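The chain contents come next:
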Amino acid sequence: TYLDQASFTSALGGATTTFESFEEPPADNLSPLVFPTVEVSCDGSEWCSSFFGASSVMPTDGSFGVYFSTPDTITFTFSSPITAFAINVGDLGTHGATDFSATLSNGNSATLFTSFTDTPDNQAFVGLIDTTEFTSITFQGSAPDDGIYFDSMQTALITAVPEPHTYALLLIGLGLLGMTHMKRRHWPSGLSSAATI
């Protein structure tokens, strides 16, 4: 998990990143909201019908963001698998200390904040990178009636880079294959390697 943009960007290692600033909100605020790179849905019966959707309150990039309130949950679903996700989170923890966590579609989960509380209009950054691909991420908070705003979403698919020892083993294997091939070309037929010395 990452709580600042600089460390998240560094961990991406140059992977191609897709950005979503929720600038084309659907005409209705019904779940799911469909954007060019993501579908955003609200799950729960407490606030989803009245406090969920796209809003011009607290955007960090452009004019709009998305929002929901606990104890309901909000899910971001992607059209293709990713391994990295980050987003700006606003107004978190203004209704009491909250544990704020995320669950990925691959079954992994992370607690991003524990007993977090802050003043209204606060802004936080959360990022996650997983070694296993996922196609959705669901956020939940433990404090009830905590209205939370999101904007400036980033996603990426980080391809695995082989460890240095993997390259070393590959070179050794290729070298042995080359030596075997050269010996077979130079040995007279019917003679063993000991007989050619």
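Use the structure listed above.
Residues numbered from 1 in each chain as written. Predicted model: local features only at pLDDT ≥ 70, side-chain atom pairs only at ≥ 80, totals over all residues. Heavy atoms only, no water.

## Considering unusual backbone geometry
Leave glycine aside and you will find that most residues have negative phi; peptide bonds, for their part, are mostly trans.
(1) Moving on: Residue Pro 32 is reached from Ser 31 by a cis peptide bond, and omega for that bond is 0°.
(2) Moving on: Residue Pro 71 is bonded to the preceding Thr 70 through a cis peptide linkage, with omega at 15°.
(3) Moving on: Along the chain, the position of Pro 71 falls in the loop between β5 (65–69) and β6 (73–90).
(4) Moving on: Phi at Ser 115 takes a positive value of approximately 50°, unusual for a residue other than glycine.
(5) Moving on: With respect to the secondary-structure elements, Ser 115 resides in strand β8 (residues 109–116).
(6) Moving on: What makes Ser 115 partly exposed here is its relative accessible area of 48%.
(7) Moving on: The phi angle at Asp 145 is positive, at roughly 60°, despite the residue not being glycine. (Helix = DSSP H or I, 4+ residues; strand = E, 2+ residues; numbered from the N terminus. Buried < 20%, exposed > 50% of the residue type's maximum accessible area, 1.4 Å probe, protein only.)

## Thoughts on the pairing of strand β9 (residues 123–141)
(1) Moving on: Of the pairings in the sheet, the one linking β6 to β9 comprises 12 bridges and is antiparallel in character. Bridge pairing in β9 links Val 89 to Ala 124.
(2) Moving on: Summarising the sheet, strand β7 (residues 98–104) and β9 pair through five bridges and their orientation is antiparallel. By the bridge assignment for β9, Phe 100 is matched with Gly 141. (Pairing = 2+ DSSP bridges.)

## Description of the nonpolar core
(1) Moving on: Ranked by size, the top nonpolar core spans 35 residues in total, and within it Val 40, Phe 76, Phe 85, Ile 87, Phe 139 and Phe 150 carry the most contacts.
(2) Moving on: Put simply, the parts of the chain that give this core at least two residues each are β3 (39–43), β5, β6, β7, β8, β9 and β10 (147–156).
(3) Moving on: If you tally residues by element for this core, the top one is β6, at seven residues.
(4) Moving on: Those residues in contact with Phe 85 that lie beyond four places of it in its chain are Phe 8, Phe 76, Phe 78, Val 126, Gly 127, Leu 128, Phe 134, Ile 137, Phe 139, Met 153, Gln 154 and Thr 155.
(5) Moving on: Listed in part, the seven residues of the second largest apolar core include Phe 8, Leu 12, Phe 125 and Ala 156. (Core = buried A, V, L, I, M, F, W, Y, C linked by side-chain atoms within 4.5 Å. Contact = heavy atoms within 4.5 Å.)

## Description of helix α1 (residues 5–12)
(1) Moving on: Put simply, Asp 4 is the residue that caps the front of α1, since its side-chain oxygen is 3.3 Å from the backbone nitrogen of Ala 6.
(2) Moving on: Immediately downstream of α1, the backbone of Gly 13 shows phi near 60°, a positive value. (Polar contact = N/O pair within 3.5 Å; in protein donor to acceptor, adjacent residues only side chain to side chain.)

## Observations regarding the side chain of Asp 151
(1) Moving on: In this structure, Asp 151 sits in strand β10.
(2) Moving on: According to the relative accessible area criterion, Asp 151 is buried, its value standing at 1%.
(3) Moving on: A polar contact is formed between the side chain of Asp 151 and the backbone nitrogen of Thr 60, at a distance of 2.8 Å.
(4) Moving on: For Asp 151, the contacting residues outside a window of four places in its chain are Ser 21, Phe 22, Pro 59, Thr 60, Asp 61, Phe 64, Gly 65, Ile 87 and Asn 88.

## Comments concerning the environment of Phe 150
(1) Moving on: Topologically, Phe 150 is positioned in strand β10.
(2) Moving on: Separated by 128 residues in the primary sequence, Phe 150 and Phe 22 place their C-alpha atoms 9.3 Å from one another.
(3) Moving on: Excluding its chain neighbours within four sequence positions, the residues that come into contact with Phe 150 are Phe 22, Gly 65, Val 66, Phe 68, Ile 74, Phe 76, Ile 87, Asn 88, Val 89, Phe 100 and Phe 139.

## Points about the state of the cysteines
(1) Moving on: For the coordinates displayed, the defined rule picks out one disulfide.
(2) Moving on: Cys 42 shares a disulfide with Cys 48; S-S distance 2.0 Å. Between Cys 42 and Cys 48, the S-S torsion sits near -80°, and that sign places the bridge as left-handed.
(3) Moving on: Overall, Cys 42 belongs to the buried group, its relative accessible area being 9%.
(4) Moving on: Looking at Cys 48, the relative accessible area reads 14%, which means it is buried. (Disulfide = S-S within 2.5 Å.)

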